[in-house]
Amino acid sequence: MLEDFRLIVDLVCVLAAAAAGGILAGLAKQPALLGYIVGGAIVGPTGLGLIKELIQVETLAQFGAAFLLFALGVEFSFSELRKVQKISLGGGGLQILLTILVTTVISVSVGWVATPQQGVFLGAILSLSSTAVVLKSLMESNETATPHGQVMLGILVVQDLALGLMLAVLPALDRPPAEIGIAVLQAALKIGLFALGATIIGIWVVPRFLRLLASTESRELFLLGIVAMCLGIALVTAYLGLSIEMGAFVAGLMISEVEYADQTLAYVEPLRDIFAALFFAAIGMLIDPVFLWENLDLILGLVSIVFIGKFAIITPLVKLFGYPLQTALIAGLGLAQIGEFSFVLASEGRSLGLVSRRVYLLLLGTTALTLVVTPFILRLIPSLFNWIETVPALDRWFQPGEPPLEVTEHVPLEPPIVICGFGRTGQNLATILAEQNVPVVVVDQSEAAIQQLRDRGIPYIYGNAVSIPVLTRAGLDRARAMVIALPDAMSTRLCLKHALEISPALDIVVRANQYQDIELLYQLGGSEVVQPEFEASLEMATHLLVKIGLPTIQIQRQVKTIRNSHYLELRPEGSIDRVSQDIRAATLGMNRRWHRLSMTSPLLGNSIASAKIRPLTGATIVAIQRENGTQIDYPNGGTAFQMGDSCLVVGSVEEQNMFEQLTRGEIDIPMLPLSMLEAIAEAIGDREVS
């Protein structure tokens, strides 16, 4: 009874430390999982030593990885796997083999290991990346559906599958090659039989089982049945010598194609989040700060070698499979760490005598440090590409000059509405516009989306919506309007910027995936920025207010006021000052510069619209600071320049130089007739057209 109570105390201690670390990480604008890891390190055996039952806590922490992979399977589905099957199977398999080969050759050559078998073992550990950390980071940034997110997840799935083979081969690693081959064949046979059984169960058993659970109309029974199924399949894979996590992922895939998938995900998410925090805290408890400090130079060197080596292997492989250089670089940076499942291999290798205790501790320290660094790297990637845009010698490598891969034969003769992104939002828009006989052209680079467009006879461009040649081919210069419904913030910003370079006065509606992006998208030139969650709230409130008898005109007036204020009343912060901070924070990773207007600047007295800042320079003004200290964070087309103004401008080096020349009068501002200016103002409304 006392031991059980000790375990309860340890669990409470770990969860409290993880919560405290997560809160501090949130306040520091860092991913919560970093806080979980640090919290675990503080209360762990090598920290304050508050945890006594480490083995039991680690065992429970395995549920975190299992539920993370289960939820990924439910969201990912077989259709998503088919989209990236080439890079997953081909690229993932080649990445593992190349990592093992390179590691073996180098480690044997420089004397890191005594035998080639030990080199193979070390390469197997280094070949695995962190499914849990990468998945959590992609979920927090809403990038799981992006091309680079799909590529990374596809490769990670293959790595997790390979873990079963590695565990099977490990005991036979120091035996003759024939025995190793037999071990590989046995493991492959087990995986094949399990896949066959999982397919049969997924088709014939799982749907009926879920309908039975749903028929009870009990949330508790439904959740209990789902968890039992998930963990039951995970135990089967563990019994077969594969990983528990792989069984959980397969269980999720079984449910992903059933109508109860969304309900399952909603029920499991709270469990996933709690046990995931416990899982990352358990990783932190494996970190020995004293050992890290005593071997800091060596471990930092190993971390650098791991990141550079895996990046150098993964990036060319992704590019080799036909993905853009940007996607290849993001995948290479995102997967350049050692995975949490490497702990399993390292522990097994130590028990088999393949590594000494010192090497084992070095592997643990290096792995833990790469896991801690990975979220920072993923967060810095947008800033990296914004910097690349400022270096012409580098930027040209990221500008796809080739034409789109495929263009529909049915190009609309009338000016179309261009829809970038054919996810759920894009599909709904295309359906509604088609019913009104409004011509559309859809831009997407997903083969599954393009196949739907072919079947429905909707004109399309197969290509990256960020690419200027692709947007030009879509007829943006003659388009009536444009909709941007891309899955990630970076692509949305670049698409908006490039679209306005082609057609500065184009009416563009942009979907903001997160409310923090709303103001920046307006400042970059969006005519209307729509946030789906806020719009759902407005529609539901409208229905309820009409139901209770409020006048329709009054309701419409209130809804219009909220939309005109960019949903300010609905935001969690709800203050102008906080929104201003969001704008400044959002532009930190972009190339920005303050420009002070001279007393003789031709911009003085002109408005942003009449000066035609964006058409002439391509730059965007995101803030103006008056001489008296007043700062305007929302300059629109009617904002006039005054003597002593300083302008915060976002744009490439060339665009910044063009703006500087404009302020000095080296570029003439064309004078438009008053009637044309009024027409432009009416077309673009009150939005900022810089």
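For clarity, every value in this text was computed on a predicted model and none was experimentally measured.

Conventions adopted
Residues numbered from 1 in each chain as written. Predicted model: local features only at pLDDT ≥ 70, side-chain atom pairs only at ≥ 80, totals over all residues. Heavy atoms only, no water. Helix = DSSP H or I, 4+ residues; strand = E, 2+ residues; numbered from the N terminus. Contact = heavy atoms within 4.5 Å. Areas by Shrake-Rupley, 256 points an atom, 1.4 Å probe, with all protein chains shown as cover. Core = buried A, V, L, I, M, F, W, Y, C linked by side-chain atoms within 4.5 Å. Buried < 20%, exposed > 50% of the residue type's maximum accessible area, 1.4 Å probe, protein only. Pairing = 2+ DSSP bridges. Axes fitted to C-alpha atoms, helices over the stretch in contact; angles between N-to-C directions. Salt bridge = Lys/Arg side-chain N within 4 Å of Asp/Glu carboxyl O. Arc of directions from axis to C-beta. Parallel < 35°, antiparallel > 145°, perpendicular 65-115°, else oblique. Left-handed = near helix turned anticlockwise from the far one by under 90°. Nonpolar A, V, L, I, M, F, W, Y, C, P; charged D, E, K, R; others polar. Phe/Tyr/Trp six-rings, centres within 6.5 Å; stacked < 30°, edge-to-face > 60°. Patch = residues over 30% accessible without salt bridge, like charges linked within 9 Å, V, L, I, M, F, W, Y side chains within 5 Å. pLDDT = per-residue confidence, 0-100.

K.L.:
Pulling in residues and values, what's your account of the overall build of the protein chain?
P.N.:
When you go through the protein chain residue by residue, the secondary structure sums to 30 helices and 11 strands. Long-range pairs, those at least 24 residues apart, make up 72% of the contacts in the protein chain between residues at least 6 apart in sequence. With the model as given, the accessible surface of the protein chain reaches about 31800 Å², and the carbon-plus-sulfur share is 63%.

K.L.:
Give a detailed account of the nonpolar core, specifying residues and quantitative values.
P.N.:
Of all hydrophobic cores here, the largest spans 118 residues; its most connected members are Phe70, Leu210, Ile255, Phe280, Val318 and Leu345. The greatest single-element share of this core, amounting to 13 residues, is contributed by helix H12 (residues 261–285). Beyond its immediate chain neighbours, meaning those up to four positions away, phenylalanine 70 contacts Ile226, Cys230, Ala248, Phe249, Ala251, Gly252, Ile255, Thr264 and Val268. Ranked by size, the runner-up nonpolar core spans 35 residues in total, among them Cys420, Ala479, Met482 and Ala499.

K.L.:
Provide a residue-level description of the sheet that holds strand S10 (residues 631–632), including the pertinent values.
P.N.:
On the basis of which strands lie adjacent, the open sheet formed by four strands has the order S8-S11-S9-S10 and antiparallel pairing. For this open sheet the edge positions go to strand S8 (592–596) and S10, each flanked by a neighbour on one side alone. Relative to S10, strand S9 (residues 620–625) runs antiparallel, the two being bridged by two bridges. Pairing of isoleucine 624 across the sheet is with isoleucine 632, part of S10. Here helix H29 (residues 653–663) sits on the sheet in contact with S8, S9 and strand S11 (646–650), set at roughly 10 degrees to S8.

K.L.:
Just give me the short version of the pattern of salt bridges, but keep the residues and values in it.
P.N.:
With the rule as written, the count across this model stands at nine salt bridges. Note that arginine 272 and aspartate 273 form a salt bridge whose closest N and O atoms lie 3.2 Å from each other. Owing to a relative accessible area of 33%, aspartate 273 belongs among the partly exposed residues under this scheme. Across the salt bridge formed by lysine 497 and glutamate 655, the nearest N and O atoms sit 2.8 Å from each other. A residue pair is termed long-range when its members are at least 10 positions apart, and lysine 497 in helix H22 (residues 489–502) and glutamate 655 in helix H29 qualify at 158 residues. Each of the salt bridges in this network shares a partner with another, and the network as a whole consists of Lys497, Glu501 and Glu655.

K.L.:
Account for unusual backbone geometry, naming residues and giving values.
P.N.:
The phi dihedral of asparagine 437 falls on the positive side, at around 60 degrees, and the residue is not glycine. Topologically, asparagine 437 is positioned in the loop between helix H19 (424–435) and strand S3 (440–444). On the basis of relative accessibility, which here comes to 68%, the residue asparagine 437 falls in the exposed class. Although it is not a glycine, lysine 612 adopts a positive phi angle of roughly 50 degrees. Take lysine 612: it is sitting in the loop between helix H27 (608–611) and helix H28 (613–617). Among the residues examined, lysine 612 registers a relative accessible area of 14% and is labelled buried.

K.L.:
Describe the environment of alanine 71, listing the residues and the values that go with them.
P.N.:
The residue alanine 71 is located in helix H3 (residues 54–83) in this model. By relative accessible area, which is 2% here, alanine 71 ends up buried. Sequence separation of alanine 71 and leucine 265 is 194 residues, and the distance between their C-alpha atoms is 6.4 Å. Once residues lying within four places of it in the same chain are set aside, the contact partners of alanine 71 are Leu265 and Arg272.

K.L.:
How would you sum up the environment of asparagine 657? Please name residues and give values.
P.N.:
Along the chain, the position of asparagine 657 falls in helix H29. Judged by relative accessible area, which is 36%, asparagine 657 ranks as partly exposed.

K.L.:
Could you give me a rundown of H29, with the residues and numbers involved?
P.N.:
For H29, the full list of buried residues reads Glu655, Gln656, Phe659, Leu662 and Thr663. Projected down its long axis, H29 shows its buried positions confined to an angular sector of 120 degrees, all on one face. For H29, the elements touching its buried residues are H22, S8, H27, H28, S9 and S11.

K.L.:
Which residues make up the packing of helix H14 (residues 296–320) against helix H15 (residues 325–334), and what are the values?
P.N.:
Viewed as axis vectors pointing N to C, H14 and H15 meet at an angle of 150 degrees, and their least axial separation amounts to 8 Å. In this view, H14 runs roughly antiparallel relative to H15, as classed from their interaxial angle. Here H14 runs over H15; the crossing is right-handed. The residues of H15 that touch H14, namely those facing Phe311, Ile314, Thr315, Val318 and Lys319, are Leu325, Ala328, Leu329, Ala331, Gly332 and Leu333. Classifying every residue of the contact of H14 with H15 gives eight nonpolar, two polar and one charged.

K.L.:
Would you mind going over the packing of aromatic side chains in detail, with residue names and values included?
P.N.:
Counted under the stated rule, the structure contains five aromatic pairs. Consider the rings of phenylalanine 63 and phenylalanine 275, whose centres lie 5.5 Å apart with planes at 65 degrees: the pair is edge-to-face. Residue phenylalanine 63 is found in helix H3, and its partner phenylalanine 275 is found in helix H12; the two are separated by 212 residues along the sequence. In this structure phenylalanine 63 comes out as partly exposed when scored by relative accessible area, which is 28%. Between phenylalanine 279 and phenylalanine 280, the ring centres sit 5.4 Å apart and the planes meet at 70 degrees, which makes this aromatic pair edge-to-face. A relative accessible area of 10% places phenylalanine 279 in the buried class. A relative accessible area of 0% places phenylalanine 280 in the buried class. Among the aromatic residues, ring-to-ring pairing joins Phe63, Phe67 and Phe275 into one connected group.

K.L.:
Go over a nonpolar patch on the surface, please, and point to the residues and values.
P.N.:
A surface patch of nonpolar side chains, about 990 Å² in accessible area, is lined by Leu94, Leu98, Leu101, Val102, Val105, Ile106, Val110, Trp112, Ile305, Leu320 and Phe321. Among the elements that take part in the nonpolar patch, helix H4 (residues 85–110) stands out by supplying seven residues, more than any other. As for its placement among the helices and strands, isoleucine 106 is situated in helix H4. For isoleucine 106, a relative accessible area of 40% gives the class partly exposed.

K.L.:
Account for the confidence of the model for the protein chain, with residues named and values stated.
P.N.:
Detailed reading of the predicted model is not advised wherever pLDDT is low. Scored by pLDDT, the protein chain has a mean of 79; 85% of the residues are at 70 or more. Across the protein chain, strand S5 (residues 481–484) holds the top mean pLDDT of 93, while helix H30 (residues 674–684) sits lowest at 46. Taken as a whole, residues 400–405 scores under 50 in pLDDT and shows 10 contacts with residues more than four places along the chain or in a different chain. Across residues 672–690 the pLDDT falls below 50, and counting only partners more than four positions away or on other chains, this stretch makes 37 contacts in the model.

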